[in-house]
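Structure at a glance
What follows is each chain in one-letter form.
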Amino acid sequence: YTRGTVTAFSPFDARADAEALRKAMKGMGTDEETVLKILTSRNNAQRQEIASAFKTLFGRDLVDDLKSELTGKFETLMVSLMRPTYIFDAHALKHAIKGAGTNEKVLTEILASRTPAEVRNIKQVYLQEYEASLEDKITGETSGYFQRLLVVLLQANRDPDGRVDEGLVEQDAQVLFRAGELKWGTDEEKFITILGTRSVSHLRRVFDKYMTISGFQIEETIDRETSGDLEKLLLAVVKCIRSVPAYFAETLYYSMKGAGTDDDTLIRVMVSRSEIDLLDIRQEFRKNFAKSLHQMIQKDTSGDYRKALLLLCGGDDE
């Protein structure tokens, strides 16, 4: 995980940081600048140490204090930064499936982009934290082929990368071609099985072969032949197979493009990728959208929220 914009801060002193944060939030008015500077420049493990020092020194809960002192999107961002890494995805999924209406966008983004090892971890944490099976919760709130592809992804049994067998590549590409372009009504099940279980290197070859056979990118076929939540999930899976950073660059771009910003997505992606591949995401962003992530955040957000996001972004790509 060396492609993150946020790394361990050195020299690190959890008590000194805790004291600075307490001072910033004590009395009348809050010194937001200090809060955002500290929390965006420490990595998640260090933030957890600061929270523990904060409780030790003052008998107060840092997250509760942040919630009572800050407001709006800035508060959401700071509280998200404080969430332990291992629980971040489980927590996001829990909130995507609770109450009225399911947030399919969150289910799609997380389950399409995480590695099988990460998915296994999310399931385990979900069970420990919420005493419920993530799979049961998801199947209870979704239906149809969308549900079935989510369940396949939740099994986290994608073939590991290995030597690619060209014969099987040809076979899968033909099956997808027959299921998609050649049939009235698409054979969704074939798409689900192949996209949900084959290895990443195998699928990249299948997509090339599909283009050769059909004259279409697989995305174009999915776009034409399916719709709604299933279409979005199939596309997300294909994009993540091609390149996870490119998928997130696009996700960030569309969270800010046009009228209004989808701040929940912007915050979730910036926080969850900040220690993993945000440098690669920035590179893809610059390459694909003729402007930098930094420039777009600058234009689309304001105040302390903007300052904190720009620090997480970690620089401009001219």
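Residues numbered from 1 in each chain as written. Predicted model: local features only at pLDDT ≥ 70, side-chain atom pairs only at ≥ 80, totals over all residues. Heavy atoms only, no water.

1. Here's the deal with helix H4 (residues 62-69)
As a reminder, the rule being used: Each residue gets one of three labels from its accessible area relative to the maximum for its type: buried under 20%, exposed over 50%, partly exposed in between, using a 1.4 Å probe on protein chains only. Here a strand is any run of E in DSSP of at least two residues, a helix any run of H or I of at least four, and the numbering for each starts at the N terminus. What the arc covers is the set of directions going from the helix axis to the C-beta atoms. Here a residue-residue contact requires only that any non-hydrogen atoms of the pair lie within 4.5 Å. Polar contact criterion, stated in full: a pair of N or O atoms within 3.5 Å, where within protein one must be able to donate a hydrogen and the other to accept it, and residues adjacent in sequence count only if both atoms are side-chain atoms.
Of the residues making up H4, those classed as buried are Leu62, Asp65 and Leu66. Projection of H4 onto a plane perpendicular to its axis shows the buried side chains occupying an angular sector of 100 degrees, all on one side. Tucked into the core, H4 has its buried residues touching helix H1 (14-25), helix H2 (32-41), helix H3 (44-58) and helix H5 (72-82). The N-terminus of H4 is capped by Asp61, whose side-chain oxygen sits 3.0 Å from the backbone nitrogen of Val63.

2. Looking at the packing of helix H6 (residues 85-96) against helix H7 (residues 104-113)
Here is the rule we go by: Fitting a line to C-alpha atoms yields each axis, with helices limited to the stretch in contact; the angle taken between N-to-C directions then spans 0 to 180 degrees. Here the angle decides the label: under 35 degrees means roughly parallel, over 145 means roughly antiparallel, 65 to 115 means roughly perpendicular, and every other value means oblique. Rotating anticlockwise by less than a right angle from the far helix to the near helix defines a left-handed crossing, while the corresponding clockwise rotation defines a right-handed one. Classes in brief: Ala, Val, Leu, Ile, Met, Phe, Trp, Tyr, Cys and Pro nonpolar; Asp, Glu, Lys and Arg charged; the others, Gly included, polar.
For the pair H6 and H7, interaxial distance at closest approach is 8 Å and the crossing angle is 150 degrees. Overall, the two elements H6 and H7 adopt an arrangement that is roughly antiparallel. Considering how the two elements wind past one another, H6 and H7 form a crossing that is left-handed. Listed contacts from H7 to Asp89, Ala92, Leu93 and Ala96 of H6 are Val106, Leu107 and Ile110. For the contact of H6 with H7, the per-class residue count stands at six nonpolar, no polar and one charged.

3. Regarding the packing of H1 against H3
With their axes 8 Å apart at the nearest point, H1 and H3 run at an angle of 70 degrees to one another. Relative to H3, the element H1 lies roughly perpendicular. As H1 runs across H3, the sense of the crossing is right-handed. Contacts between H1 and H3 involve Ala14, Arg15, Asp17, Ala18, Glu19, Leu21, Arg22 and Met25 on the former and, on the latter, Glu49, Ile50, Ala53, Phe54, Thr56, Leu57 and Phe58. Considered class by class, the residues forming the contact of H1 with H3 number nine nonpolar, one polar and five charged.

4. Considerations on the side chain of Arg47
Defined as follows: Charge convention: Lys and Arg are scored as positive, Asp and Glu as negative, and His as well as the terminal groups of each chain are ignored. By definition here, a salt bridge exists when the distance from a side-chain nitrogen of Lys or Arg to a carboxyl oxygen of Asp or Glu is within 4 Å.
Considering the arrangement of structural elements, one finds Arg47 in helix H3. One buried charged side chain, Arg47, makes no salt bridge at all; its nearest oppositely charged neighbour is Glu275, positioned 4.2 Å away. Within the structure, the side chain of Arg47 is placed 2.8 Å from the backbone oxygen of Leu39, a separation counted as a polar contact. With near-sequence residues (within four places) excluded, Arg47 lies in contact with Val6, Leu39, Arg42, Leu81, Met82 and Glu275.

5. Digging into the domain arrangement of the protein chain
Selection criterion: Marked domain ranges trace back to an automatic or database domain assignment. Simply put, the buried area is the total loss of 1.4 Å probe accessible area from both parts when two parts are fitted together.
Once the domains are mapped, the protein chain shows domain 1 (14-82), domain 2 (86-155), domain 3 (166-242) and domain 4 (244-313). With centres defined by C-alpha atoms, the gap from domain 2 to domain 3 works out at 23 Å. On the domain 3 side, the residues contacting the eleven residues of domain 2 number 13 residues. Considering only the side of domain 2, the residues that lose the most area to domain 3 are Tyr145, Phe146 and Leu149, jointly responsible for 46% of the buried surface there. One salt bridge connects Glu189 with Arg148, and the closest N-O pair in it is separated by 2.1 Å. One can count one residue pair in polar contact (both at pLDDT 80 or more) joining domain 2 with domain 3. Elements represented by at least two residues in the side of domain 2 that touches domain 3 include exactly H7 and helix H10 (144-154). Per-element accounting of the side of domain 2 that touches domain 3 gives the leading share, seven residues, to H10.

6. Topic: unusual backbone geometry
The step from Ser10 to Pro11 runs through a cis peptide bond, and the omega angle for that step is 0 degrees. Along the chain, Pro11 falls in the segment before H1. Even without glycine at this site, Ala290 takes up a positive phi of about 55 degrees. A relative accessible area of 68% means that Ala290 is categorised as exposed.

7. Some words on the nonpolar core
Formally: Residues grouped as a nonpolar core are buried Ala, Val, Leu, Ile, Met, Phe, Trp, Tyr and Cys residues, joined through side-chain atoms within 4.5 Å.
In terms of nonpolar packing, the biggest core is built from 97 residues, with Met78 and Met270 touching the most fellow members. Here this core gets nine residues from one element, more than from any other, and that element is helix H15 (residues 228-242).

8. Quick look at the packing of aromatic side chains
The condition that has to hold: Stacked, tilted and edge-to-face pairs are distinguished by plane angle, under 30 degrees for stacked and over 60 for edge-to-face with tilted covering the rest, among Phe, Tyr and Trp rings (Trp via its six-membered ring) whose centres lie within 6.5 Å. By definition, being over a ring means that NZ of Lys or CZ of Arg is both within 6 Å of the ring centre and within 35 degrees of the ring normal.
Following the criterion strictly, the structure yields eight aromatic pairs and no others. Look at Tyr253 and Tyr254: their rings are 5.1 Å apart centre to centre, the planes differ by 80 degrees, and that puts the pair in the edge-to-face class. Judged by relative accessible area, Tyr253 falls into the buried class, the value being 13%. An aromatic cluster of at least three residues, connected via ring pairs, comprises Tyr253, Tyr254, Phe285 and Phe289. Lying over the aromatic face of Phe9, Arg42 brings its terminal NZ or CZ to 3.7 Å of the ring centre. Its guanidinium or amino end placed over the ring of Tyr130, Lys94 lies 5.1 Å from that ring's centre, counting from NZ or CZ.

9. A closer look at the pattern of salt bridges
Where charged atoms from two side chains of opposite charge approach closely, those side chains can pair. Under the criterion given, the structure shown has 24 salt bridges. Here Lys307 and Glu33 are joined by a salt bridge, their closest N and O atoms 3.0 Å apart. Placement of the pair is Lys307 in helix H20 (residues 303-313) and Glu33 in helix H2, with a sequence separation of 274 residues. Its relative accessible area of 38% is what places Lys307 among the partly exposed residues.

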